[in-house]
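Spelled out from the first residue to the last, the chains are:
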Amino acid sequence: MGKRIINLSEPATTLQEKMQEFLLFKQAQQSSNLTIKDYKQTFTHFLKESNNTLDFDVLKMDTLNFFKSIPNTSPARYNVPFSNINAFFNWCVRQDYLEINPITKLGLKKRKDEGKIRSKDIEDIKAFIGVIETNKYTGLRDYTLILLMLDTGARPKELLSLTRKHIDIHSKMIEISKDIAKTRTSRILPLSPMTVKMLKKLLSVIPDDWTYVFSTYEGEYMDTRILDKRFEKYSKMSGIKITPYQLRHSFATLFLNNDGNLFALQVQMGHTDLRMTKRYITISKEKLAEQHSKASPVNMLKSTKVEKMKLF
């Protein structure tokens, strides 16, 4: 009777297994919950479009297809998953799971953010939200979210992470707590009556066991990719292209044009550096003349020799 051949080779390691190991590593490093959530979101999308293998040639093509599929809405929408996948690949190299980082091999780079402000005027925004059907849950959700973005200037990802505990309808405030804030610093943002009204309506229709205020139709977390697709839909319907980050830019520009304070805007938007906020300072000639008329120190001189001078 022949001997049975025993296969001592280890089963092939999947990409997903190494991503799970990397997440454990980041948790051991005491990374924030928001950071871990970002990694999980990026990895989920990557795995959906990959062959779940560490075979370098296949992984290289999977990487190209993944970054190709990211909507061209803003540098940040590309750069965040870029940083997450790049960090994972570098870790794989250090652990000898990969010989080289596929991103490095391909020569892919982050998208340059030139700080260009792409705001929309209020008439375009009115036309954009005018096509949303608020008699349906998804429409009511999107309309309320857009109002909240335009009312507070908060980052899309911060608002998508809101739960009921972050909202105080009575005080007309929302809290961007440190666990969902990009800067890991909490801030309190006031709300306008119209926004409060829509929030109350939305909260009245979503089930109590849903975690997030702005959830998918199934009650799951609504990520930025879903939000991008919703904005693309309304852009086509209205004929006016607007992205989520354009609403943030629009809030800042319109806030300052309506005599909002620069330092108040810094707090609203969660900027740690005033230089970031100053990018939104644009002023028309008419507005400049109006402000000059109100604030020029010369107007405080009630009687001067200049007024008494007679021209020859």
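Within any chain, residue numbers begin from 1 and follow the written order of that chain's sequence. Local features are withheld for residues below a pLDDT of 70 in this predicted model, meaning they are given only at 70 or higher, and side-chain atom pairs are given and counted only at 80 or more; totals for whole chains, interfaces and linings count all residues. To get the side-chain values, take all heavy atoms of the structure and skip hydrogens and water.

## A closer look at helix H3 (residues 56–68)
With 13 residues, H3 extends 18 Å between its outermost C-alpha atoms, agreeing within 8% with the 18 Å of an ideal straight helix rising 1.5 Å per residue. Whether a residue is buried, partly exposed or exposed follows from its accessible area with a 1.4 Å probe, protein chains only, as a fraction of its type maximum: under 20%, in between, or over 50%, in that order. By definition, any uninterrupted DSSP run of H or I lasting at least four residues is a helix, any uninterrupted run of E lasting at least two residues is a strand, and each is numbered from the N terminus. Restricting attention to buried positions, one finds in H3 the residues Leu59, Asp62, Thr63, Phe66 and Phe67. Projection of H3 onto a plane perpendicular to its axis shows the buried side chains occupying an angular sector of 125°, all on one side. For H3, exposure combined with an orientation more than 90 degrees from the buried face picks out Asp57 and Lys68. Multiplying 1.5 Å by the residue count of a helix minus one yields the expected span of that helix. The directions considered for the arc are those from the helix axis to the C-beta atoms.

## Observations regarding the confidence of the model for the chain
Confidence scores per residue from the predictor, reported as pLDDT, run from 0 to 100. Scored by pLDDT, the chain has a mean of 83; 79% of the residues are at 70 or more. Here helix H15 (residues 305–308) stands out as the least confident element of the chain, with mean pLDDT 53; helix H9 (residues 193–205) is the most confident, with 95. Note on contacts: a residue pair qualifies if any of its non-hydrogen atoms lie within 4.5 Å across the two residues. Considering only residues more than four positions removed or in separate chains, one finds that residues 1–10, a stretch of pLDDT under 50, has zero contacts.

## Observations regarding the sheet that holds strand E1 (residues 167–168)
Within a sheet, neighbouring strands are paired by backbone hydrogen bonds and run either parallel or antiparallel to one another. Reading across from one edge, E1-E2-E3 is the order of the three strands in this open sheet, with antiparallel pairing throughout. Every interior strand has two partners, whereas the edge strands, E1 and strand E3 (187–190), have only one. What makes two strands pair is DSSP finding at least two bridges between them. Sheet analysis places E1 next to strand E2 (residues 173–176), joined by two bridges and oriented antiparallel. Of the residues in E2, the one forming a bridge with isoleucine 167 is isoleucine 174.

## Thoughts on the packing of helix H7 (residues 137–152) against helix H10 (residues 224–238)
Remark: H7 packs on H10, axes separated minimally by 12 Å, with the N-to-C direction vectors making an angle of 95°. The angle between H7 and H10 falls in the class roughly perpendicular. Two secondary-structure elements touch here, H7 through Thr138, Gly139, Arg141, Asp142, Leu145, Ile146 and Met149 and H10 through Leu227, Arg230, Phe231 and Tyr234. Ten residues, namely Ala, Val, Leu, Ile, Met, Phe, Trp, Tyr, Cys and Pro, are considered nonpolar, four, namely Asp, Glu, Lys and Arg, are considered charged, and the remaining ones, Gly among them, are considered polar. Of the residues contributing to the contact of H7 with H10, the split by class is six nonpolar, two polar and three charged. Axis lines are fitted to C-alpha atoms, over the contacting stretch for helices. Their N-to-C directions set the angle, which ranges from 0 to 180 degrees. Any angle from 65 to 115 degrees is called roughly perpendicular, while one under 35 is roughly parallel, one over 145 is roughly antiparallel, and all others are oblique.

## Let's talk about the pairing of E2
Side-chain alternation along E2 places Ile174 and Ile176 on a buried face and Met173 and Glu175 on a face that remains uncovered. Connecting E1 to the next strand, E2, in antiparallel fashion are four residues, including lysine 172 with a positive phi near 60°. The pairing of E2 with E3 spans four bridges and is classified as antiparallel. Across the sheet, residue isoleucine 176 finds its bridge partner in E3, namely arginine 187.

## Here we look at the environment of isoleucine 169
Position of isoleucine 169 relative to the elements: it lies in the loop between E1 and E2. Residues isoleucine 169 and proline 193 lie 24 residues apart in sequence; the distance between their C-alpha atoms is 9.9 Å. Isoleucine 169 has contacts with Val196, Leu199, Lys200 and Leu203, leaving out every residue within four places of it along the chain.

## Things to note about the pattern of salt bridges
Salt bridges are counted wherever a side-chain nitrogen of Lys or Arg sits within 4 Å of a carboxyl oxygen of Asp or Glu. Throughout the structure, instances matching the rule amount to 11 salt bridges. Among the salt bridges present, the one from glutamate 158 reaches arginine 187, with a minimum N-O distance of 2.7 Å. Taken together, the residues glutamate 158 in helix H8 (residues 156–160) and arginine 187 in strand E3 connect sequence positions 29 residues apart. When sorted by exposure, glutamate 158 lands in the same class as arginine 187, which is buried.

## Comments concerning the packing of aromatic side chains
Within 6.5 Å between ring centres, the rings of Phe, Tyr and Trp (the latter by its six-membered ring) count as paired, and their orientation is classed by plane angle as stacked under 30 degrees, edge-to-face over 60, tilted in between. On inspection of all chains with the given rule, the structure shows 22 aromatic pairs. The rule is short: NZ of Lys or CZ of Arg within 6 Å of the ring centre and within 35 degrees of the ring normal puts a charge over the ring. Seen from the ring of tyrosine 97, lysine 18 lies directly overhead, with NZ or CZ sitting 3.9 Å from the centre.

## Quick word on the nonpolar core
For our purposes a nonpolar core is just a set of buried Ala, Val, Leu, Ile, Met, Phe, Trp, Tyr and Cys residues, chained together by side-chain atoms within 4.5 Å. Grouped together as the largest cluster of nonpolar side chains are 39 residues, with contacts concentrated most on Leu159, Leu162, Ile174, Ile176 and Phe214. Elements that contribute at least two residues to this core include exactly helix H6 (122–129), H7, H8, E2, H9 and H10. The biggest single contributor to this core is H7, with eight residues. Once you skip the residues sitting within four places of it in the chain, leucine 162 turns out to touch Leu148, Ile174, Glu175, Ile176, Ile180, Thr211, Tyr212, Val213 and Phe214. Core analysis: the second largest hydrophobic core is formed by 21 residues, Phe43, Phe89, Leu98 and Ile103 among them.

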